[in-house]
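Residue-level listing of the chains:
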Amino acid sequence: MNLILNMNLTVKGGSAMITWESEMTQALERGLAEKKPILLDFFNPG
Amino acid sequence: MGAVTYPDEKVTDFVMQRMVPLQVQADKPLADEFKVKWTPTIVVLDYYGKEHHRTVGFFPPEEFIPSLLLGMGKAGFDADRFDDAIQLFDKLLAEYPKSGAAPEAIYLRGVSCYKSTHDAGPLKEAYEKLKAEYPQSEWTMRAQPYSLL
């Protein structure tokens, strides 16, 4: 059930959506493991 | 960004395939660490957490991807990985030649070529390309001394 809910959160109209990390530590760990740079977006939720 | 740029399919594919996306509210402590004063503020970091590129304000999809490519190229440039940087600048210039990021990419491509070969030719070529294609760009001004090489 959780898997199905998570899939619904990341799929819209057949296109994938950006799945954001929310913690710097996790993002850096992923970046190092996947050899990818980090896109850091500071936003105002309004 | 959340209404227009991030839902764009090309942006989504680019970000998910080539970067680790991290989104943080501007009222969190991390925003103070990065001295964020306005949103959206977009920062490109290497995987050690070092900043290489920053923009403030809205970018539509056709400007956002080249801005990210520029940031990734600058990360390579800053780390002396000039071949990687040149590859990213070339991709930007081939796919988004009319973007706002293009003039800086031309400039940094020329510098990257010079630093990896010690041949001054690419610096002059960068200036000539900037002068011909982006005469009003600040990067044309910055490259102007290379006309004398």
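Everything numeric in this text was worked out from a predicted model, so none of it was measured.

### A look at the interface of chain A and chain B
In step 1: Across the contact, 25 residues belong to chain A and 32 residues belong to chain B.
In step 2: Elements with a contribution of two residues or more to the side of chain A that touches chain B: β2 (15-16), α2 (24-34) and β3 (38-43) of chain A.
In step 3: Here the side of chain A that touches chain B gets seven residues from one element, more than from any other, and that element is α2 of chain A.
In step 4: Considering only residue class, the side of chain A that touches chain B consists of 15 nonpolar, four polar and six charged.
In step 5: Of the pairings in the sheet, the one linking β3 of chain A to strand β1 (residues 20-25) of chain B comprises six bridges and is parallel in character. By the bridge assignment, Asp-41 of chain A is partnered in β1 of chain B with Gln-23 of chain B.

### Focus on the confidence of the model for chain B
In step 1: For chain B, the mean per-residue pLDDT works out to 97, and 100% of the residues sit at or above 70.
In step 2: Across the predicted assembly, pTM comes out at 0.91 and ipTM at 0.94.

### Quick notes on helix α1 (residues 9-18) of chain B
Residue and element names in this part refer to chain B.
In step 1: Along α1, the positions that sit buried rather than exposed are Val-11, Thr-12 and Val-15. Along α1, the residues classed as buried sweep out an arc of 100° about the axis, all on the same side. Every exposed residue of α1 that faces more than 90 degrees away from the buried side is listed here: Lys-10 and Gln-17.

Cut-off values and rules
- Residue positions are given per chain, counting from 1 as you read along its sequence in written order.
- Note on labels: chains are lettered from A, ligands numbered from 1, in written order.
- Restriction of local features to residues with pLDDT of at least 70 applies here, the model being predicted, together with a cutoff of 80 or more for giving and counting side-chain atom pairs; totals for whole chains, interfaces and linings are based on all residues.
- Throughout, a residue-residue contact means that the two C-beta atoms, derived from backbone geometry, are no farther apart than 7 Å.
- Elements are defined by DSSP. Helices are runs of H or I of four residues or more, strands are runs of E of two residues or more, and each kind is numbered from the N terminus.
- Put simply, Ala, Val, Leu, Ile, Met, Phe, Trp, Tyr, Cys and Pro go in the nonpolar bin, Asp, Glu, Lys and Arg in the charged bin, and everything else, Gly too, in the polar bin.
- Think of it this way: DSSP has to see at least two bridges between two strands before they count as a pair.
- For every residue, the predictor reports its confidence as pLDDT, a number between 0 and 100.
- Residue burial is a threshold on neighbouring C-beta atoms within 10 Å of the residue's own C-beta, all placed from the backbone, with 20 or more meaning buried, 12 or fewer meaning exposed, and counts in between meaning partly exposed.
- The arc in question is traced by the directions running from the helix axis to the C-beta atoms.

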